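Inside the fold
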Amino acid sequence: MKKRNDIIQAAERLFYTHGFHATSTDQLCREAGVSTRTLYHHFASREALTAAVLSAREQRFMADLLPPQQPEAIAQLFVVLGDWTKANGARGCFFLKAWGEYAERDSELAAQALAFRATLRHYITECVTHLNGAEDRPLSDAIWILFEGAITTALLTGPAAARQAAQVARQLLRQNGATG
């Protein structure tokens, strides 16, 4: 299991930095400290590895968030984004990169990458609903758009983008009678 996790972690770093298709199997094996045989023992194909990397990344991201019932859940969402940017740099959204590379090549991987966006949007809607006591789709979507925009803005401003988006989200929540 350790080797499998080593491969996933190495693949995530390389895919984020260099791209999914630009990363060679040799690079993956070298970075993970495994042979090609070990790589393919754990993953039947590059697509299987990519699916595992996307799944692991989503699980880690969601695990860092607070339950939607917590008043600080929206603020934590932006903290997690800022921490990711500090630790890994700002190279855009990992899931959008995957979608971009697989949209025309592999519909299952493209769908998996986009499913994360839907999961995140649903999470934000749940957070706002708990704060407001009722669903407020325009407010939820505004916060979701702030989060998505912070990912892109971080390309230019780094982790400050997440802090700035968090401030605007707090203002929107206050203006709409929610606190968070």
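Just above sits the structure.
Below is a short write-up of the structure. (Residues numbered from 1 in each chain as written. Predicted model: local features only at pLDDT ≥ 70, side-chain atom pairs only at ≥ 80, totals over all residues. Heavy atoms only, no water.)

To continue, consider the overall build of the protein chain. If you tally the helices and strands in the protein chain, you get nine helices and zero strands. Reading the protein chain from its N terminus to its C terminus gives the helix and strand order α-α-α-α-α-α-α-α-α. Structurally, the protein chain occupies a C-alpha span of about 55 × 30 × 30 Å along its principal axes. Among the 180 residues that make up the protein chain, the fraction classed as buried is 43%. Look at the contacts in the protein chain between residues 6 or more apart in sequence, and 66% of them connect residues 24 or more apart. When the accessible surface of the protein chain is split by element, carbon and sulfur atoms take 52% of a total near 9,200 Å². When the 19 positive and 18 negative side-chain charges of the protein chain are each reduced to one mean point, those points stand 7 Å apart. (Helix = DSSP H or I, 4+ residues; strand = E, 2+ residues; numbered from the N terminus. Buried < 20%, exposed > 50% of the residue type's maximum accessible area, 1.4 Å probe, protein only. Contact = heavy atoms within 4.5 Å. Areas by Shrake-Rupley, 256 points an atom, 1.4 Å probe, with all protein chains shown as cover. Lys, Arg positive; Asp, Glu negative; His and termini not counted. Charge placed at Lys NZ, Arg CZ, Asp CG, Glu CD.)

Per the counting criterion, the structure on display carries eight salt bridges. The shortest N-O distance in the salt bridge between K2 and D6 comes to 3.0 Å. Note that K2 and D6 are positioned in helix α1 (residues 2–18) at a spacing of four residues, about one turn of the helix. With relative accessibility at 19%, the residue D6 sits in the buried group. Where R13 meets E31, a salt bridge forms, and the shortest distance between an N and an O atom there is 3.1 Å. A residue pair is termed long-range when its members are at least 10 positions apart, and R13 in helix α1 and E31 in helix α2 (residues 25–32) qualify at 18 residues. Given the relative accessible area of 38%, E31 is considered partly exposed. Overlapping salt bridges, with partners in common, bring together R121, E135, R137 and D141 in one network. (Salt bridge = Lys/Arg side-chain N within 4 Å of Asp/Glu carboxyl O.)

Per the stated rule, a full pass over the model turns up one cavity of 30 Å³ or more. Considering the residues around the largest cavity, the lining is formed by 18 residues, among which R57, L81, W84, C93 and I151 are closest to the centre. Within the residue set of the lining of the largest cavity, elements represented by two or more residues are α4 (46–63), α5 (73–88), α6 (94–102), α7 (107–132) and α8 (137–157). Considered class by class, the residues forming the lining of the largest cavity number 12 nonpolar, three polar and three charged. (1 Å grid on protein atoms, 1.4 Å probe; cavity = no way out; pocket = protein on both sides within 12 Å on 5 of 7 lines; lining within 4 Å. Points joined across faces, edges and corners; volume = space filled by probe spheres on them. Nonpolar A, V, L, I, M, F, W, Y, C, P; charged D, E, K, R; others polar.)

Let's shift gears to the packing of aromatic side chains. Counted according to the given criterion, the structure contains 10 aromatic pairs. Chaining the aromatic ring pairs together yields one cluster made of F15, Y16, F20, F61, F78, W84, F94, F95, Y102, F116 and F147. Positioned above the aromatic ring of W84 is the side chain of R57, whose terminal nitrogen or guanidinium carbon lies 3.7 Å from the ring centre. We note K97 situated over the ring of Y16; from NZ or CZ to the ring centre the distance is 5.2 Å. (Phe/Tyr/Trp six-rings, centres within 6.5 Å; stacked < 30°, edge-to-face > 60°. Lys NZ or Arg CZ within 6 Å of the ring centre and 35° of its normal.)

Glancing now at the environment of I7. Structurally, the position occupied by I7 is in helix α1. Put simply, I7 and C29 are 22 residues apart on the chain and 7.5 Å apart in space, counted from C-alpha to C-alpha. Those residues in contact with I7 that lie beyond four places of it in its chain are A32, V34, T38, L39, H42, F43 and L49.

Moving on, we come to α5. Helix length check: α5, at 16 residues, gives a terminal C-alpha distance of 22 Å against a target of 22 Å (1.5 Å per residue), a fit within 8%. Of all the residues in α5, the buried ones are A73, I74, L77, F78, V80, L81, G82, W84 and T85. Following α5 by one or two positions, G89 adopts a phi angle in the positive range, close to 85 degrees. (Expected span 1.5 Å × (residues − 1).)

With respect to the element layout, R57 can be found in helix α4. With residues up to four places along the chain from it excluded, the contact list for R57 reads E12, W84, F94 and F95.

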